[in-house]
Amino acid sequence: VKRERGPLKAFIDMVQRIIKLSIGYSEDITFLPLFCAGGIAGGIEICITFPTEYVKTQLQLDERANPPRYRSIGHCVRLTIQEHGVKGLYRGLSSLLYGSIPKSAVRFGMFEFLSNIAKDSNGKLDNKRSLLCGLGAGVAEAVLVVCPMETIKVKFIHDQSSSNPKYKGFFQGVREIVREQGLRGTYQGLTATVLKQGSNQAIRFFVMTSLRNWYLGDNPHKKMNPFITAAFGATAGAASVFGNTPLDVIKTRMQGLEAHKYKNTLDCAYQILKKEGLLAFYKGTVPRLGRVCLDVAIVFVIYEEVVNVLNKVWKTA
């Protein structure tokens, strides 16, 4: 007996067909569940790992040109809790949470879309093509979601360390930023963000695909244990940290409250090198390493599990 489709599924299928027709893609692949899976995974992941992102950003904003406020990661955590309580470690979470869901949705949805085009006649995505697909996914998420989200997050965190904080909440803070700087104020550091996210996802998906292809060998239907997925994800995350932390530092400076003193991305990089030395490009590496390894491991595991659940309702592959 053929089951009747519910109204929600019928509506989603209709939207999906419109999207496929608008981009000229007609292969029988369902992308909306993949966007949903990416969004769910991103929302859960950021709630778990945000305190490490907060500490990383504070250390990167703690420039050597001024007297350093934080002596170490632990000192930054202790000082934040003393002054603002435990909730201080979650300052800026709202902007990242509102952005993480669409960010992960765009990232995984775009990667799956590009990889389905790039697969060979046997349905396999090779390592080199996964690098390009990851690059495309990273650029898409940078332009559509990450740049405004990260700009707002950095401004919120930087504002908290000032003597007279002026942002009292997410919506009030965004209104204030737009009122003072226009929409352009939420798109500071776009070049650095595109470079960072593009290289980030290129490295991560390349490493993840390489490890997955190695593990599966000639059996594409071999089951991957979630712990294996987590280990591969953490490895991919670590590779991206060591590969592009300098870009992350430049992006953070370009999006801070003192971004006006830099003419452009290259000038920011030059001033950091001139005033603070080469090691300044790796500020915040340790907390970022912890966060990203956990982040990528969690998000890949959750994504795979959510896809498995949604696969019972929609065809996702």
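Anything mentioned here points back to the structure above.
Now for a quick tour of the structure. (Residues numbered from 1 in each chain as written. Predicted model: local features only at pLDDT ≥ 70, side-chain atom pairs only at ≥ 80, totals over all residues. Heavy atoms only, no water.)

Now for the pattern of salt bridges. Per the counting criterion, the structure on display carries 12 salt bridges. A salt bridge links Arg107 to Glu141; its shortest N-O distance comes to 2.9 Å. Within this pair, whereas Arg107 is found in helix 4 (residues 93-118), its partner Glu141 is found in helix 5 (residues 127-160), the two being separated by 34 residues in sequence. In this pair, the class of Arg107 matches that of Glu141, namely buried. (Salt bridge = Lys/Arg side-chain N within 4 Å of Asp/Glu carboxyl O. Helix = DSSP H or I, 4+ residues; strand = E, 2+ residues; numbered from the N terminus. Buried < 20%, exposed > 50% of the residue type's maximum accessible area, 1.4 Å probe, protein only.)

This paragraph deals with helix 8 (residues 226-255). With 30 residues, helix 8 extends only 36 Å from end C-alpha to end C-alpha; this falls clearly short of the ideal 44 Å at 1.5 Å per step. Regarding helix 8, its N-cap is Asn225, as a side-chain oxygen of that residue lies 2.7 Å from the backbone nitrogen of Phe227 further along. (Expected span 1.5 Å × (residues − 1). Polar contact = N/O pair within 3.5 Å; in protein donor to acceptor, adjacent residues only side chain to side chain.)

Let's shift gears to the packing of helix 7 (residues 190-216) against helix 8. The interhelical angle for the contact between helix 7 and helix 8, taken along N-to-C directions, is 170°, at an axis separation of 8 Å. It follows that helix 7 is roughly antiparallel to helix 8 by the angle criterion. Of the residues that constitute the contact of helix 7 with helix 8, the class distribution is 14 nonpolar, 11 polar and five charged. (Axes fitted to C-alpha atoms, helices over the stretch in contact; angles between N-to-C directions. Parallel < 35°, antiparallel > 145°, perpendicular 65-115°, else oblique. Nonpolar A, V, L, I, M, F, W, Y, C, P; charged D, E, K, R; others polar.)

Attention shifts here to the packing of aromatic side chains. Per the counting criterion, the structure on display carries nine aromatic pairs. With a centroid separation of 6.2 Å and an interplanar angle of 25°, the aromatic rings of Phe50 and Tyr90 are classed as stacked. With Phe50 in helix 2 (residues 32-61) and Tyr90 in the loop between helix 3 (73-84) and helix 4, the pair connects residues that are 40 residues apart, well separated along the chain. Centroid distance Tyr215 to Phe232: 6.0 Å. Interplanar angle 75°. Geometry classified as edge-to-face. Of the two residues, Tyr215 is situated in helix 7 and Phe232 in helix 8; the sequence distance between them amounts to 17 residues. Take Tyr215: its relative accessible area is 23%, and that puts it in the partly exposed class. (Phe/Tyr/Trp six-rings, centres within 6.5 Å; stacked < 30°, edge-to-face > 60°.)

Moving on to the nonpolar core. Residues Ala37, Phe108, Phe111, Phe300 and Tyr303 are the most contacted members of the largest nonpolar core, which totals 25 residues. Secondary-structure elements contributing two or more residues to this core are helix 2, helix 4, helix 5, helix 7, helix 8 and helix 10 (285-310). Broken down by element, the residue count for this core peaks at 10 residues, all from helix 10. Setting aside chain neighbours within four positions, we find Ala37 in contact with Tyr303, Val306, Val307 and Leu310. (Core = buried A, V, L, I, M, F, W, Y, C linked by side-chain atoms within 4.5 Å. Contact = heavy atoms within 4.5 Å.)

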